[in-house]
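Next come the chains, spelled out residue by residue.
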Amino acid sequence: DVQPGPLRGKSDSKRSLRQSPQFRDQNMPHRTVASSWTGVYTYDPIPELPKKLDDAPFDLSLNVGWFGRFTGVIIDHPPGIPEPATIAGRISGNTIHFTKKYRSLWIVDEHGKLTNLPDERSLVLHYEGQFDQHRTSISGTWKIVAEHRRISGVEWKVPTASGRWNATISRNAK
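Residues numbered from 1 in each chain as written. Predicted model: local features only at pLDDT ≥ 70, side-chain atom pairs only at ≥ 80, totals over all residues. Heavy atoms only, no water.

Let's talk about the packing of aromatic side chains
Here is step 1 of the chain: Applying the stated criterion across every chain, the model contains 10 aromatic pairs.
Here is step 2 of the chain: Their ring planes at 45 degrees and their centres at 6.1 Å tell us that Trp 66 and Phe 67 sit as a pair that is tilted. We note that Trp 66, like Phe 67, is exposed.
Here is step 3 of the chain: Look at Phe 98 and Trp 165: their rings are 5.7 Å apart centre to centre, the planes differ by 80 degrees, and that puts the pair in the edge-to-face class. Taken together, the residues span a long stretch of sequence, with Phe 98 in strand β5 (residues 95-102) and Trp 165 in strand β12 (residues 161-169) at a distance of 67 residues. (Phe/Tyr/Trp six-rings, centres within 6.5 Å; stacked < 30°, edge-to-face > 60°. Buried < 20%, exposed > 50% of the residue type's maximum accessible area, 1.4 Å probe, protein only. Helix = DSSP H or I, 4+ residues; strand = E, 2+ residues; numbered from the N terminus.)

Listed below in structure tokens is the structure:
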């Protein structure tokens, strides 16, 4: 005859999992990610522009949640875009993927002049990268996919743009 054991509440079962040796692997790599980063993004040459755009430094703040998903904010420094961008993405292992959007559309004309179109929706920038083994730096690529837009009644072709980016843990990180 098998006798039923005592019922366990949720807190008891969680405690027993945490105390179990199989969940206390000391060889498991440290998987936390800092919340504050400082970096720079660069541009690959864009055939539609006469000169290469300047590198732009930025600050990145991450709020990491469950299953590696995160949201955050990127603040560019001159000559970058002068408004915060929101980001959302995922960290899986040592890989990070996210999209970046500004509140409005920013374009660079053929002379390299940055212009804001506040009534137009932002382009979506796609970022991917790799953490170093200690998770103190990230490097990767970014891309804007070409698209056609109707702006103020005029058809525009937004060219593909791409580049590289890297970031290190900010000195102000907690």
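Here's the deal with the sheet that holds strand β3 (residues 69-76)
Here is step 1 of the chain: The sheet built from 8 strands closes into a barrel, its strands ordered β1-β2-β3-β4-β5-β8-β9-β12 with antiparallel pairing. Averaged over all pairs of adjacent strands, the angle between strand axes in this sheet comes to 30 degrees, irrespective of strand direction.
Here is step 2 of the chain: Taken together, the 7 bridges between strand β2 (residues 56-64) and β3 define a ladder with antiparallel strand orientation. Looking across to β3, one finds that Ser 61 is bridged to Val 73. (Pairing = 2+ DSSP bridges. Axes fitted to C-alpha atoms, helices over the stretch in contact; angles between N-to-C directions.)

Some details on the nonpolar core
Here is step 1 of the chain: Trp 37, Tyr 41, Ile 96, Phe 98, Trp 142 and Trp 165 are the most contacted members of the largest nonpolar core, which totals 35 residues.
Here is step 2 of the chain: A per-element tally of this core places β2 first, with 4 residues.
Here is step 3 of the chain: Sequence-distant contacts of Ile 96, defined by excluding residues within four places in its chain, comprise Phe 70, Arg 90, Ile 91, Tyr 127, Glu 128, Gly 129, Phe 131, Ile 138 and Trp 165. (Core = buried A, V, L, I, M, F, W, Y, C linked by side-chain atoms within 4.5 Å. Contact = heavy atoms within 4.5 Å.)

Details of the environment of Trp 165
Here is step 1 of the chain: Overall, the relative accessible area of 2% leaves Trp 165 in the buried class.
Here is step 2 of the chain: Along the primary structure Trp 165 and Tyr 127 are separated by 38 residues, whereas in three dimensions their C-alpha atoms are 8.5 Å apart.
Here is step 3 of the chain: Among the polar contacts listed, one links the side chain of Trp 165 to the backbone oxygen of Thr 141, at a separation of 3.3 Å. (Polar contact = N/O pair within 3.5 Å; in protein donor to acceptor, adjacent residues only side chain to side chain.)

A word on the side chain of Ser 122
Here is step 1 of the chain: Position of Ser 122 among the secondary structure elements: in the loop between β7 (114-117) and β8 (125-131).
Here is step 2 of the chain: Residue class for Ser 122 comes out buried when judged on its relative accessible area of 10%.
Here is step 3 of the chain: A distance of 3.0 Å separates the side chain of Ser 122 from the backbone nitrogen of Tyr 102, its partner in a polar contact.
Here is step 4 of the chain: Setting aside residues up to four positions removed in sequence, Ser 122 forms contacts with Lys 101, Tyr 102, Ser 104, Leu 105 and Arg 149.

Looking at the pairing of strand β10 (residues 147-151)
Here is step 1 of the chain: Bridge count for β10 against strand β11 (residues 154-158) is 5 bridges, and the pairing is antiparallel. Looking at the pairing, Arg 150 lines up with Glu 155 of β11.
Here is step 2 of the chain: Turn length for the β10-β11 hairpin, with the two strands adjacent in sequence and antiparallel, is 2 residues, and the turn residue Ser 152 shows positive phi of about 50 degrees.

A closer look at the pairing of β8
Here is step 1 of the chain: Of the two faces of β8, only one is covered, namely that formed by Leu 125, Tyr 127, Gly 129 and Phe 131; the face formed by His 126, Glu 128 and Gln 130 stays uncovered.
Here is step 2 of the chain: Note that β5 and β8 share 6 bridges and pair antiparallel. Bridge pairing links Ile 96 to Gly 129 in β8.
Here is step 3 of the chain: Looking at chain direction, β8 and strand β9 (residues 137-144) are connected through 7 bridges and run antiparallel. In the strand pairing of β9, Glu 128 is matched with Thr 141.
Here is step 4 of the chain: Here β8 folds back onto β9, and the loop between the two strands holds 5 residues, one of which, Arg 135, carries a positive phi near 60 degrees.

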